[in-house]
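Close look at the chain arrangement
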Amino acid sequence: MRNKHLSTAILCLALAAMVACKGKPSDSQIQTKVTEQLSTMPEVTADVKDGVVTLAGNAPDEAARASAETAVAGVEGVKSITNNIMVTPPAAPAPVATDTAAMANPADEALRTGVADITKDFPGANVKVEAGVITVTGELSAAKWKTLKQALDGLHPKRVDASGLKVK
Amino acid sequence: MSLQDKYKELIDTARSAGTNNLQVNEREGVLHISGEAPTGSVKDNLWSIYGKIDPNYLSGDVVMDIQVATAVEGAKLEVITQSSNLNVRRGPGTDEPIIGKAAHAEIVTLISKHSDQWWLIRTKDGQEGYAHAQYLKPVE
């Protein structure tokens, strides 16, 4: 009889412990959930200590910074959040052409795109675009140059200047 | 000698071979020739004549864009790379991911033309994607 009481007590204690565990997720459990929530924000990191989540890293704008916090706030066991995320707008794409004259000429930009598509397959040639004129330098076989010239002419430049090209 | 005289044989051949919408204009010391040749061999011939008058096309006094009339939707195209495979891409541009390859000399099908440069094709394995038109020649 006494023994039975004891085992019941132990069982109750064990159950209580399990419930307690379930009610209070560990830091590592929180970390897993938080990381899941932040999976769409590769530049944001989270650190969990005693249920306090510290967010760090970069967000492209204020809205993204706030939404990271909101997402994490919904995770069970999170007591508070320290939001150290910095708002860093994505870097502007590196300018393809540095000279302003060429940048201002949209026709040159279109030509450059066409030229870039074509010249990838012609490693021996150096092709430049300036004021509607395509200049080709370097060294190519006659057959390759013919293919390149046909493709470049198809872009309708003002002129294709190959005076600096060596044809083997 | 004017450019039209220098390239007379080229212009005359283009005209007599039935090149559609043949345009010959001289602008800033450059002769611009464009049109649509009835077949790929007419185009090849015009480029041969151009190369005969101006060896290796080095004078820079002609810009010639000859399209081929037989390159229409459904047409069979030969892959005319030097020897390598032709990249088939998800979209029109070399920044687009490569989704397949067409072998040198393989026959592919023209689905549509995105531009003069980028054509949507179907390879013999059924892969569809964009390839650069400079390596595709209609099969006659």
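Residues numbered from 1 in each chain as written. Chains lettered and ligands numbered in written order. Predicted model: local features only at pLDDT ≥ 70, side-chain atom pairs only at ≥ 80, totals over all residues. Heavy atoms only, no water.

If you check an unreviewed UniProt entry, chain B appears there as SH3 domain-containing protein from Chitinophaga rhizophila.

As recorded in an unreviewed UniProt entry, chain A goes by BON domain-containing protein and comes from Chitinophaga rhizophila.

**Let's talk about the overall build of chain A**
Going by this rule: Note on conventions: DSSP H or I runs of at least 4 residues are helices, E runs of at least 2 residues are strands, and numbering of each starts at the N terminus. The rule is simple: take the accessible area with a 1.4 Å probe, protein chains only, and divide by the maximum for that residue type; under 20% is buried, over 50% is exposed, in between is partly exposed. The contact rule is simple, with two residues in contact once any of their heavy atoms fall within 4.5 Å.
Regarding its fold elements, chain A presents six helices and seven strands. Mapped in sequence order, the helices and strands of chain A form the string α-α-β-β-α-β-β-α-α-β-β-α-β. Per-residue burial for chain A yields a buried fraction of 30% across its 168 residues. In chain A, the proportion of contacts linking residues at least 24 apart, taken out of those at least 6 apart, comes to 52%.

**Quick look at the interface of chain B and chain A**
For clarity, the cut-off: By convention in these notes, a salt bridge is any Lys or Arg side-chain nitrogen within 4 Å of a carboxyl oxygen on Asp or Glu. Whenever a nitrogen or oxygen atom comes within 3.5 Å of another N or O atom, the pair is scored as a polar contact, on the condition that within protein one atom can donate a hydrogen and the other can accept it, and that pairs from neighbouring residues in sequence are kept only if both atoms are in side chains.
Each side of the interface is counted separately: chain B has 26 residues, and chain A has 27 residues. At the junction of chain B and chain A, the tally comes to zero salt bridges. For the pair chain B and chain A, the number of links is nine residue pairs in polar contact (both at pLDDT 80 or more). Looking at the side of chain B that touches chain A, the elements with two or more residues in it are β2 (30-37), α3 (40-53) and β3 (62-68) of chain B.

**Brief notes about unusual backbone geometry**
Residues and elements named next belong to chain B. We note that N56 has phi near 60 degrees; this positive angle belongs to a residue other than glycine. Mapping N56 onto the fold places it in the loop between α3 and β3. Of note, Y57 is a non-glycine position whose phi angle comes to about 55 degrees, a positive value.

**Here we look at the sheet that holds β3(B)**
Think of a sheet as strands paired side by side through backbone hydrogen bonds, with each pair either parallel or antiparallel. Residue and element names in this part refer to chain B. As a reminder, the rule being used: A strand pair is defined by DSSP finding two or more bridges across the two strands. Only C-alpha atoms enter the line fits that serve as axes; for helices the fit covers just the stretch in contact. Angles between N-to-C directions range over 0 to 180 degrees.
On the basis of which strands lie adjacent, the open sheet formed by three strands has the order β1-β2-β3 and mixed pairing. Looking at the sheet topology across the chains shown, the edges are occupied by β1 (20-27) and β3. Across the sheet, the mean angle from the axis of one strand to that of its neighbour is 5 degrees, orientation sign disregarded. Note: β1 against β2, six bridges, orientation antiparallel.

**Looking at the nonpolar core**
The line we're drawing: Nine residue types can take part in a nonpolar core, namely buried Ala, Val, Leu, Ile, Met, Phe, Trp, Tyr and Cys, and a core is a set of them joined through side-chain atoms within 4.5 Å.
Counting 50 residues, the largest nonpolar core has I134(A), V136(A), W145(A), L148(A), L152(A), M64(B) and L136(B) as its most contacted members. Other than its neighbours up to four places away in sequence, M64(B) contacts D153(A), L10(B), I33(B), L46(B), W47(B) and Y50(B). If you look at the next biggest cluster of nonpolar residues, it comprises 16 residues, including A46(A), L55(A), A59(A) and V75(A).

**Looking at the packing of helix α5 (residues 106-119) of chain A against helix α6 (residues 142-153) of chain A**
Residue and element names in this part refer to chain A. Our working definition: Angle categories are assigned with fixed cut-offs, so that under 35 degrees is roughly parallel, over 145 is roughly antiparallel, 65 to 115 is roughly perpendicular, and the rest are oblique. Two helices crossing with the near one rotated counterclockwise from the far one by less than a right angle form a left-handed crossing, whereas a clockwise rotation gives a right-handed crossing. Just so you know the grouping, Ala, Val, Leu, Ile, Met, Phe, Trp, Tyr, Cys and Pro go in nonpolar, Asp, Glu, Lys and Arg go in charged, and all remaining residues, Gly too, go in polar.
Two numbers describe how α5 lies on α6: the axes approach to 10 Å, and their chain directions differ by 155 degrees. As judged from the angle between their axes, α5 and α6 are roughly antiparallel. At the point where α5 passes α6, the crossing takes the right-handed sense. Contacts from V115, I118 and T119 of α5 reach α6 at L148, A151 and L152. When grouped by side-chain class, the residues that make up the contact of α5 with α6 number five nonpolar, one polar and no charged.

**Digging into the pattern of salt bridges**
All told, the structure shown has ten salt bridges over all chains when counted by the stated rule. The partner of E139(A) in a salt bridge is K168(A), and the shortest N-O contact between them spans 3.8 Å. Here the residue E139(A) occupies a position in strand β6 (residues 133-140), and K168(A) occupies one in the segment after β7 (159-167), the gap between them amounting to 29 residues. For E139(A), a relative accessible area of 32% gives the class partly exposed. For K168(A), a relative accessible area of 63% translates into the label exposed. Residues D12(B) and K8(B) are paired through a salt bridge, measuring 2.8 Å at the closest nitrogen-oxygen approach.

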